[in-house]
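# Inside the fold
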Amino acid sequence: MEPFNLADLEARVARLESRNYVSMRYGKVTGTKDGEAQVQLNDADELNTNSYQTLQRRVLRDQEIKLPDIGETALVLESGQGEEQGAYLGAPYSQAVPGPGQEKQVAYNKYEDGTEIWYDRNAHTLTAKVKGNVTVEAQGIVSVTSETDIKLKAPFIELCGALIVTDEDGNPGNALISGNITVRDGGIKAPDDDVSAGSVSLRHHTHPDTGEPVGG
């Protein structure tokens, strides 16, 4: 057996460390901060690395930031200039966390609370199942247009603001309500037209004593 040569070993380690190569390694995320992810590599005796930069779609003028969860499977790309000189590429599916089985034309998002969002580009349908509230805030006009129908379905629908009904060209429109209307803290005005109940006109019905319309 040849004697142990520390100088030779140090030289070999130096040569390995100086190589300029790219490698992909697997592990799991142990921490996130400021757009970076700390990873515990599978082939590094469970030692935690320093933070890798995470790849995001946009970070300059627009920002679309999605950081991995703690415990997430990690795939990292290293440049060969040190274990932290690389990037966190993402979280691959595995036997422990299989893919959701979505068809290729369906974009899919699922969140920890059970909220799911699908977009099927072939069927042209956007579907969202939200486990909670949905809030939309805008500084300008919010416009929703459909070529067929818009349906709102809920046990209670509250409109906070003046309600104006027009046709598609902005002219006076029609409203059809199936059910009863109760007016609280206000009244009903029809300054330019009449109000009818069945065959009885509010403006043109006659008073039994005078035969004249009541109120003109």
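On a predicted model such as this, the values are computed, not experimentally measured, just so you know.

### A short note on the environment of Asn 109
Within the element layout of this structure, Asn 109 appears in strand β6 (residues 106–110). A C-alpha to C-alpha distance of 9.4 Å links Asn 109 and Ala 128, two positions 19 residues apart in sequence.

### Some thoughts on the side chain of Thr 54
Looking at the element boundaries, Thr 54 is found in strand β3 (residues 48–54). What makes Thr 54 buried here is its relative accessible area of 11%. Every residue in contact with Thr 54, bar those within four places of it in the chain, is listed here: Gly 35, Glu 36, Ala 37, Leu 67, Pro 68 and Tyr 88.

### With respect to the packing of aromatic side chains
Here the structure, examined in full by the defined rule, presents one aromatic pair. Geometrically, the ring pair formed by Tyr 108 and Trp 118 is tilted, given 5.6 Å between the ring centres and 45° between the ring planes. Of this pair, Tyr 108 sits in strand β6 while Trp 118 is found in strand β7 (residues 116–120), placing the two residues ten residues apart along the sequence. A residue is classified by how much of its surface remains accessible, and Tyr 108, at 23% relative accessible area, is partly exposed. By relative accessible area, Trp 118 is classed as buried at 18%.

### Quick look at the confidence of the model for the protein chain
Confidence in the prediction of the protein chain, expressed as mean pLDDT, is 83, and 84% of residues score 70 or more. Per-element averaging of pLDDT across the protein chain places helix α1 (residues 6–18) at the bottom with 65 and strand β8 (residues 125–129) at the top with 95.

### Some points on the sheet that holds β7
Strands sit in the order β6-β7-β8 across an open sheet of three strands; the sheet is antiparallel. The open sheet has two edge strands, β6 and β8, and neither has a second partner. Mean inter-strand twist for the sheet, computed between neighbouring axes without regard to direction, equals 5°.

### Some details on the pattern of salt bridges
Following the criterion strictly, the structure yields three salt bridges and no others. The salt bridge involving Glu 78 is made with Arg 25; its shortest N-O contact spans 3.1 Å. Of this pair, Glu 78 sits in strand β4 (residues 73–78) while Arg 25 sits in strand β1 (residues 23–33); the two residues are 53 residues apart in sequence, bridging distant segments of the chain. Of the two residues, Glu 78 and Arg 25, both sit in the buried class. Two residues, Arg 58 and Asp 62, come together in a salt bridge whose shortest N-O distance is 3.2 Å. Overall, the relative accessible area of 43% leaves Asp 62 in the partly exposed class. When salt bridges with common partners are traced through the structure, they connect Arg 58, Asp 62 and Glu 64 into a single cluster.

### Points about the nonpolar core
Counting eight residues, the largest nonpolar core is built from Val 29, Ala 37, Val 39, Leu 41, Tyr 52, Ala 74, Val 76 and Tyr 88. For this core, the elements supplying multiple residues, two or more each, are β2 (36–41) and β4. Broken down by element, this core gets its largest block of residues, three residues, from β2.

Criteria and cut-off values
- Residues numbered from 1 in each chain as written.
- Predicted model: local features only at pLDDT ≥ 70, side-chain atom pairs only at ≥ 80, totals over all residues.
- Heavy atoms only, no water.
- Helix = DSSP H or I, 4+ residues; strand = E, 2+ residues; numbered from the N terminus.
- Buried < 20%, exposed > 50% of the residue type's maximum accessible area, 1.4 Å probe, protein only.
- Contact = heavy atoms within 4.5 Å.
- Phe/Tyr/Trp six-rings, centres within 6.5 Å; stacked < 30°, edge-to-face > 60°.
- pLDDT = per-residue confidence, 0-100.
- Pairing = 2+ DSSP bridges.
- Axes fitted to C-alpha atoms, helices over the stretch in contact; angles between N-to-C directions.
- Salt bridge = Lys/Arg side-chain N within 4 Å of Asp/Glu carboxyl O.
- Core = buried A, V, L, I, M, F, W, Y, C linked by side-chain atoms within 4.5 Å.

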